[in-house]
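# Structural description and commentary
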Amino acid sequence: MLAGKTTEATGRDRVIPLPERILRLLRAIHRLPGRHDRLVFTTLRRDGGGRWKDGHQGGAAWSTHALDQRFRMWRSHADSIGVPIRGETGEPITLYQLRRDMGSDLLRATGSHAESANVLGHSTATNERYYAAFEADRAVSRVEEIDRLRHQGEPPRPGYPS
C-alpha cells in the first residue's frame, strides 16, 4: 500500500475494488521480467550515473503528473483513430470526470450513498455533497417512471393533460 491523500488523512489503507478482468491484466504486467516487486505503474528515472533514482531497477511509482500525461496520450491516440473521448459539451474528458461518472454509476446501481462512498473512498457525507445534483435528477426520473407505470395503457382522462 502506498501513502496518498486518503491514507494520510485517515491512517487507513486505501482499498480499490477492481473487476477480475482488470486484476488479471495487472497481475500479468506485474509478472513481466524486470518489473518492480510491488508497483505496476512505474517510471524509469535515472540519475546522472545511470542508476534508478529510487534505487530500484523496476522504477519509481507514477506521479500524478505522469498519470495525467499518459491519460492525455491515450485520449490523443483515441482521437487519432476516430474514437474521441469527449464530454457532453465537446471538451476533452479528464480523469476527474471519469471518477465523477463512476460515482454516478455506482450511486445509480446501488441507490446507496454509503455503498458508493465505500467504493470511492469517501465518507457518506462527502458522497452526498458531491452527488446532491445526481439525487435531484434521480428523484425526477423516479417520479416520471411512477407516472408512466400508473398511466400505462390508460386513456387520457378528460380535463387532464396527457
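So, a few notes on the structure that sits alongside this text. (Residues numbered from 1 in each chain as written. Predicted model: local features only at pLDDT ≥ 70, side-chain atom pairs only at ≥ 80, totals over all residues. Heavy atoms only, no water.)

Applying the stated criterion across every chain, the model contains two aromatic pairs. Measuring from centroid to centroid gives 4.9 Å for F41 and W62, while their planes differ by 40°, and the two rings are tilted. Note that F41 is positioned in the loop between α2 (20-30) and β1 (42-43) and W62 in the loop between β2 (60-61) and α3 (64-80), a separation of 21 residues in sequence. The partly exposed category is assigned to W62, whose relative accessible area is 25%. Between F71 and W74, the aromatic rings sit 5.2 Å apart at their centres with planes inclined by 45°, giving tilted as the arrangement. One end of the pair, F71, and the other, W74, are both in helix α3, three residues apart, so they sit about a helical turn from each other. (Phe/Tyr/Trp six-rings, centres within 6.5 Å; stacked < 30°, edge-to-face > 60°. Helix = DSSP H or I, 4+ residues; strand = E, 2+ residues; numbered from the N terminus. Buried < 20%, exposed > 50% of the residue type's maximum accessible area, 1.4 Å probe, protein only.)

Time to look at the environment of A60. One can find A60 in strand β2. Remark: the alpha-carbon pair of A60 and F41, spanning 19 residues in sequence, is separated by 8.3 Å.

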